[in-house]
Each structure stands twice: as C-alpha cells, then as structure tokens.
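The chain contents come next:
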Amino acid sequence: MKRPEIKEVLVFQKREKLYGFLIKKWKEISGKAIKEKGFFTVALSGGETPVEFYQRLADSKNFFSWDGTHFFLADERFVSFEHPDSNYGMIRKDLLARILLPPQNVHPIQIYQTPEISTEKYEEDLRMFFNLGKGEFPEFDLILLGIGAEGHTASLFPGDSALSETHRLTAAVHLNEERHDRVTLTLPVINRARQVIFLVSGEEKSEIMKEVLEKPESNLPASMVKPVKGKLFFLLDKEAGSLLLQDKTALKK
Ligand code: 6PG
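Residues numbered from 1 in each chain as written. Predicted model: local features only at pLDDT ≥ 70, side-chain atom pairs only at ≥ 80, totals over all residues. Heavy atoms only, no water.

Attention shifts here to the overall build of the protein. Looking only at helices and strands, one finds 6 helices and 11 strands in the protein. Against the globule reference of 18 Å for 253 residues, the protein gives a C-alpha radius of gyration of 17 Å, in line with a compact fold. Seen through its C-alpha atoms, the protein measures out along the principal axes to roughly 45 × 45 × 45 Å. Across the 253 residues that make up the protein, the buried fraction comes to 53%. Here the contacts in the protein between residues at least 6 apart in sequence split such that 78% fall between residues at least 24 apart. (Helix = DSSP H or I, 4+ residues; strand = E, 2+ residues; numbered from the N terminus. Rg over C-alpha atoms; globule rule 2.2 N^0.38 Å. Buried < 20%, exposed > 50% of the residue type's maximum accessible area, 1.4 Å probe, protein only. Contact = heavy atoms within 4.5 Å.)

If you want it as structure tokens, here you go:
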C-alpha cells in the first residue's frame, strides 16, 4: 500500500519568521539525529535563496556545539571554490567559516579534471562516510533544496538524463558555459532523506511553485522529490506563495 505523502506547505508573510522556523526545525532535526546515532548529516544547496539563512544559522545563539554535524552538498557547479558561482565557496563563506567546526565534518564536492571524475569521487566519499555496501543508499537526516524558475532542483534539470538515474548516488550534468557543468545528488538519494526542505523565495518563483504544488503529477524535477519515508516541507515567502490557492497553504504571520 502506498503511504500517504507527508508534506507540509508553509507560506510566511515575513522572512524573519521563515528563517526563525527553519532554524528551529534544523535544531529539532539535528538534536534528534545526534541523540539517536551520535551525528547529524545535512546536504545543502547553493544559489541565492539560502544565503541569508546560512548567515543567520551561523549567528544563531541556539547552537552550543557543531561537533556532531556533518555538512555535505546537494550539488555543485563545476568551478573552483574561489569562483563567485561556487556553491561550496558561498556555503564556506556564509556559514562554515563562521562557526566552530572540526574540518573532518565538511564534505564538499571536490573539483577534479572533469565533472565525471568529481562525480565519481563524491560518490566514493559518500559510500565511505555512510559505510554503504553495494546497492545501498545513504539516508541523510536533512536535505535542503531550492528550486529554479523552470523547476530544477539540486542540479536535476528538466529533461536531463540525470533525472532517470536509479542506481548511482551522484550524477554529472552538462549545461552551458554560463550555468556551468554540475555534479548533483540523484533522486534516489534525495528521496531517501529523513527530511527534505525546500526553501523558496521571490515572485519569480510563484508560477513554478503553483505548478509543483497544485499539479504534483507533473514530471518537473522538483515534483519528483517525494521522500519514501521522510517528510517534505515547502517553506515559501509570501512572494513565492502568492499564486497558491489559499486553502492549500497554511499561512503564517
Ligand atoms: C544551484 C542550486 C540550485 C538552486 C536553485 C535556486 O547550484 O544552483 O543548488 O538547485 O537551489 O537554482 O537558486 P536560487 O536560489 O539562486 O534561485
């Protein structure tokens, strides 16, 4: 029997509240994971949207220790860490460099000669860290995702072959020079996470959010995120949520 989907959509009137909610959720999820197994694993996305959240998380006084937290990436652009478009570069600057963290808790997608080599190595890093046997997948405690205006998430783009990957943990994605080639976690990994949270902001995301939330059968990459056991949250600011049917959302002040 198919399990009922555990999905929650929250539209926040004020960004402050959205960040506050997400920091609280993070604390709750990480606290539970650390209590249960001694560590917490999170995969983060890049792009513009999460920058302020990362800064606030770093400055949050709620955390007394980051020792049990292991940071991974949901995807990476194939550029050096010093390049302004590097996801890890941004996450390092806005979050990791601002907190006290053992260096072995940071697991970036390394940039080697080709996206394929980086993809292969990241898969090996994940297999090693999660101690995976053949055919096994990791179970992240939390994956934080964004969404592109055309429905991509992590670096899974509409129509790309990476979307149909069923065995591998990571995939290489080839885009144009401006958008950069990418390395991404695959859907089987994303959908095995215990919690997946989409953070979406801005009016330019309102159309796609309407489509993703009101036409769940669409085959957009973001619509294919359906955690098999975990919980799915969509946290939207009021601009991104402006076209949603009121009764489908829980409006927060
Ligand atoms: C990336 C991301 C990507 C991002 C969306 C939204 O590397 O681009 O990880 O999936 O979440 O593109 O990006 P914005 O927040 O910049 O709109």
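What follows picks up the thread again.
A separate point is unusual backbone geometry. Glycine aside, residues mostly have negative phi angles, and peptide bonds mostly take the trans form. Of note in the backbone geometry, N131 takes a positive phi value of approximately 55° without being a glycine. By the element assignment, N131 lies in the loop between α4 (115–129) and β6 (142–145). Its identity is not glycine, yet A154 carries a phi of approximately 45°, on the positive side. Relative to the elements of secondary structure, A154 occurs in the loop between β6 and β7 (170–173). By relative accessible area, A154 is classed as buried at 7%.

In this section: the packing of aromatic side chains. In this description, an aromatic ring pair is defined by two values, namely the gap between the centres and the angle between the planes. In this structure the tally under the stated criterion is 16 aromatic pairs. Residues W26 and F53 carry aromatic rings whose centres are separated by 6.1 Å and whose planes lie at 50° to one another, so their mutual orientation is tilted. Linking W26 in helix α1 (residues 15–37) with F53 in helix α2 (residues 51–59), this pair joins segments that are 27 residues apart in sequence. Taken as a pair, W26 and F53 share a single burial class, namely buried. Centroid distance F39 to F129: 5.9 Å. Interplanar angle 90°. Geometry classified as edge-to-face. Residue F39 is located in the loop between α1 and β2 (40–44), and its partner F129 is located in helix α4; the two are separated by 90 residues in the primary sequence. (Phe/Tyr/Trp six-rings, centres within 6.5 Å; stacked < 30°, edge-to-face > 60°.)

What follows covers the site of the ligand. Neighbouring residues of the ligand: 15 residues in total, closest T49, D75, H152, A154 and K205. A distance of 2.7 Å is found between an oxygen atom of the ligand and a side-chain nitrogen or oxygen belonging to H152. Out of a free accessible area of 420 Å², the ligand has 89% covered by protein chains. Taken together, the residues of the shell around the ligand sort by class into 2 nonpolar, 8 polar and 5 charged. (Near = heavy atom within 4 Å. Polar contact = N/O pair within 3.5 Å; in protein donor to acceptor, adjacent residues only side chain to side chain. Areas by Shrake-Rupley, 256 points an atom, 1.4 Å probe, with all protein chains shown as cover. Nonpolar A, V, L, I, M, F, W, Y, C, P; charged D, E, K, R; others polar.)

Let us look at the pairing of strand β8 (residues 182–185). What you see with β8 is no split at all: R182 and T184 on one side and V183 and L185 on the other are buried throughout. Pairing between β7 and β8: 4 bridges, direction antiparallel. Looking at the pairing, T170 lines up with L185 of β8. (Pairing = 2+ DSSP bridges.)

Here β6 shows no split at all, with L142 and L144 on one side and I143 and L145 on the other all buried. Here β2 pairs with β6 via 2 bridges, running parallel. Opposite A43, over in β6, you have I143 as the bridge partner. As paired strands, β6 and strand β9 (residues 195–200) are joined by 3 bridges and run parallel to one another. Within the sheet, the bridge partner assigned to L144 lies in β9 and is I197.

Moving on, we get to the side chain of H152. Mapped onto the secondary structure, H152 falls in the loop between β6 and β7. There is a polar contact of 2.9 Å between the side chain of H152 and the side chain of E150. Dropping the residues within four chain positions of it, H152 is found in contact with G146, I147, F157, P158, R179 and P221.

Here the focus is helix α3 (residues 87–94). Burial analysis of α3 places 6 of its 8 residues in the buried class, which makes it a mostly covered element. Those residues of α3 lying buried are N87, Y88, G89, M90, I91 and D94. Contacts made by the buried residues of α3 are with β2, α2, β3 (69–73), β4 (75–77) and β5 (106–107). For α3, the capping residue at the N-terminal end is S86, with a side-chain oxygen 3.4 Å from the backbone nitrogen of Y88.

So far we have only geometry, and geometry alone does not tell us how the molecule works.
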